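Residue-level listing of the chains:
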Amino acid sequence: MSAAHHHDHHHEHPHSHGETAGRLMWFAVALTLGFAAVEAGVGWWAGSLALVADAGHMVNDALALVIAAVASWVSRRPVSQRHSYGLGRAEFIAALVNSLGLLVLVAWISVSAVQRWHTPQAVQGEAVSLTAALGLLINIGVAWLLFRGEQNLNTRAALLHVMGDLLGSVAALIAGVVIVFTGWTPIDPLLSLAIGALILVSSLRLLRQALHGIMEGVPLHLSLEEIGQEMACVPGVISVHDLHVWSVASEKIMLSAHLTVADIGHWEAILADSRKLLHERFGIDHVTLQPEPAVQIISWRSRERD
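Residues numbered from 1 in each chain as written. Predicted model: local features only at pLDDT ≥ 70, side-chain atom pairs only at ≥ 80, totals over all residues. Heavy atoms only, no water.

Enquirer: Quick question: what am I supposed to make of the overall build of the protein chain here?
Expert: Regarding its fold elements, the protein chain presents eight helices and four strands. Listed by position from the N terminus, the elements making up the protein chain come as β-α-α-α-α-α-α-α-β-β-α-β. Out of the 306 residues in the protein chain, the part that is buried amounts to 47%. Of the contacts formed within the protein chain by residues at least 6 apart in sequence, a portion of 74% connects residues at least 24 apart. A total accessible area of about 16500 Å² is found for the protein chain, and carbon and sulfur atoms account for 63% of it. (Helix = DSSP H or I, 4+ residues; strand = E, 2+ residues; numbered from the N terminus. Buried < 20%, exposed > 50% of the residue type's maximum accessible area, 1.4 Å probe, protein only. Contact = heavy atoms within 4.5 Å. Areas by Shrake-Rupley, 256 points an atom, 1.4 Å probe, with all protein chains shown as cover.)

Spelled out as structure tokens, the structure:
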């Protein structure tokens with residue numbers, strides 16, 4: 001008995017949309033790298049760890065955007081004899097690399113902040129404030145560009161970098177203002193540690209999502225038990241077993257299952273109802289279902305002997 005396979009091909013996101021998003025991402029890369037160079041130079045001259053850390057974060061952002069742009073291009077490649085599902089999983093790999101890069105950045109910020117706390121340095125508050133304010137505007141612009149593009153795990157990972165850097169610019173701006181009006185330089189490493197903690201939480205969440213996808217886990221927003229129970233309620237279905245749900249890309253969910261049915265003659269209607277349920281209730285369109293009759297009649301036929 002063969003499996004019934006169904007795959008709805010959706011074309012709401014044509015290649016032109018992906019290419020436009022790709023161009024926006026490359027523009028964001030150029031903008032981020034350009035300002036990172038300026039911020040690093042000013043931060044080094046002004047003696048601000050928060051500003052230098054923010055510049056380092058922006059360089060990391062640029063690398064994340066490059067990885068995201070490349071992964072976006074790779075994931076749009078058509079299926080082939082070697083990759084029958086395509087290369088959508090490149091999104092998970094890109095998110096994994098980005099999350100690891102964020103963890104390295106957090107470690108560097110933390111070590112530098114502790115060193116700066118024990119060995120305070122003079123900080124040019126005015127230069128820090130002006131540069132951080134400009135950096136804040138740049139990050140808002142880059143975040144807006146990413147919001148305009150296609151939304152998947154890959155672009156969300158890049159956006160996470162940018163939002164973290166936006167918070168870094170806010171921290172540097174606050175540090176500069178406090179130093180200008182009070183002269184209290186410890187605010188610089190303190191805020192650097194605070195923003196490092198925020199980045200750590202976000203990067204660990206992203207790392208979990210990336211590893212979950214690479215290990216073919218059930219998408220985090222779905223419940224395997226709930227899907228199985230809903231499928232078992234389809235008229236004509238007695239039970240559901242060998243149920244598997246996984247992703248080959250952040251927005252490409254696959255499902256396979258064996259359905260025990262009361263009457264194999266009603267399979268076409270059961271299949272249609274199951275497809276409709278999975279599409280409307282869970283957003284799953286790539287479905288492979290195997291029907292199995294509730295009672296299987298097994299007969300033996302004697303072989304004639306010579």
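Enquirer: Looking at this structure, how should I read the pattern of salt bridges?
Expert: Two side chains carrying opposite charge are able to pair once their charged atoms lie near each other. All chains considered together, the criterion is met by two salt bridges. When the shortest N-O distance is used, the salt bridge between R116 and D188 registers 3.6 Å. Here R116, found in helix α3 (residues 90-118), pairs with D188, found in helix α6 (residues 187-214); they are 72 residues apart in sequence, far enough to count as distant. There is no split in this pair, since R116 and D188 are both buried. With a closest N to O distance of 2.2 Å, R281 and E226 form a salt bridge. (Salt bridge = Lys/Arg side-chain N within 4 Å of Asp/Glu carboxyl O.)

Enquirer: How should I be thinking about the packing of α3 against α6 in this particular structure?
Expert: Their axes nearest at 8 Å, the elements α3 and α6 cross at an angle of 160°. In terms of orientation, α3 and α6 fall into the roughly antiparallel class. Crossing geometry of α3 relative to α6 is assigned as left-handed. Classifying every residue of the contact of α3 with α6 gives 22 nonpolar, eight polar and two charged. (Axes fitted to C-alpha atoms, helices over the stretch in contact; angles between N-to-C directions. Parallel < 35°, antiparallel > 145°, perpendicular 65-115°, else oblique. Left-handed = near helix turned anticlockwise from the far one by under 90°. Nonpolar A, V, L, I, M, F, W, Y, C, P; charged D, E, K, R; others polar.)

Enquirer: What am I meant to see in unusual backbone geometry here?
Expert: Residues other than glycine predominantly adopt negative phi, and peptide bonds predominantly adopt the trans conformation. If you check the backbone angles, E216 has positive phi at about 60° while not being a glycine. Residues other than glycine seldom take positive phi values, yet D242 does so here, at roughly 50°. Here D242 is to be found in strand β2 (residues 237-249).

Enquirer: How do you make sense of α6 when you look at a structure like this?
Expert: What sets the pattern is the α-helix's 3.6 residues per turn: residues three or four places apart point alike. When the terminal C-alpha atoms of α6 are compared, their 40 Å separation across 28 residues agrees well with the 40 Å that a helix rising 1.5 Å per residue should span. Trailing α6 by a residue or two, E216 shows a phi angle of about 60°, which is positive. (Expected span 1.5 Å × (residues − 1).)

Enquirer: Looking at this model, I keep getting lost on the environment of S99. Mind explaining?
Expert: Assignment of secondary structure puts S99 in helix α3. By relative accessible area, S99 is classed as buried at 0%. Dropping the residues within four chain positions of it, S99 is found in contact with S203, L206 and L207.

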